[in-house]
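# Report on the structure
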Amino acid sequence: LLTALGEFGPRGASVAARSAARMITRGRYAGRFWTSLAGGILLPLAIAALALGSPHALAAAGALALAGLFFYEWAFIFAPQQVPNN
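In this text, all values refer to a predicted model and were calculated from it rather than measured experimentally. Position numbers for residues count from 1 along each chain, tracking the sequence in the order it is written. For this predicted model, a pLDDT threshold of at least 70 governs which residues receive local features, and a threshold of 80 or more governs which side-chain atom pairs are given and counted, while totals over whole chains, interfaces and linings are taken from all residues. With hydrogens and water set aside, each side-chain value is computed from the structure's full complement of heavy atoms.

## Notes on the side chain of Thr-25
As a reminder of what qualifies: We count a stretch as a helix when DSSP gives it H or I for four or more residues in a row; a strand needs E for two or more, and each element gets its number in order from the N terminus. We call two residues in contact when some of their heavy atoms are within 4.5 Å.
Here Thr-25 lies in helix H2 (residues 15–26). Beyond its immediate stretch of four places on either side in the chain, Thr-25 contacts Ala-30, Phe-33 and Trp-34.

Spelled out as structure tokens, the structure:
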């Protein structure tokens, strides 16, 4: 929830930061970013809530959460490198 709320909170401190954020949410990395939020947060939460203690379902939820974290970080590492900061 903190990750999702942070994306809709205050704007970046500089033009480069705002440009990178726009690239992440609506540009080149938007697909990975939104997939990471849906598939890495919402889907694992739904699986965990409906798993009824099934170890296989909980393992799948954990794997999805890790994959979502990977794609989330991928966007946040590569997008700012695409923005000129001068």
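Next, the rest of the story.
## Quick notes on the confidence of the model for the chain
Condition: A score from 0 to 100, pLDDT tells how confident the predictor is in each residue.
Mean pLDDT over the chain: 86, with 85% of residues reaching 70 or higher. Per-element mean pLDDT across the chain ranges from 65 in helix H1 (residues 2–7) up to 92 in helix H4 (residues 55–82).

## Re the packing of aromatic side chains
Heads up, the rule is: Paired rings are identified among Phe, Tyr and Trp, the last through its six-membered ring, by centres lying within 6.5 Å, and are further divided according to the angle between planes into stacked (under 30 degrees), edge-to-face (over 60) and tilted (the rest).
The final tally for this structure, using the stated rule, is seven aromatic pairs. Ring geometry for Phe-70 against Trp-74: centres 5.7 Å apart, planes inclined by 50°, an arrangement best described as tilted. In this pair, Phe-70 and Trp-74 both sit in helix H4, four residues apart, roughly one turn of the helix. By way of ring pairs, the aromatic residues Phe-33, Trp-34, Tyr-72 and Phe-76 are connected into one cluster.

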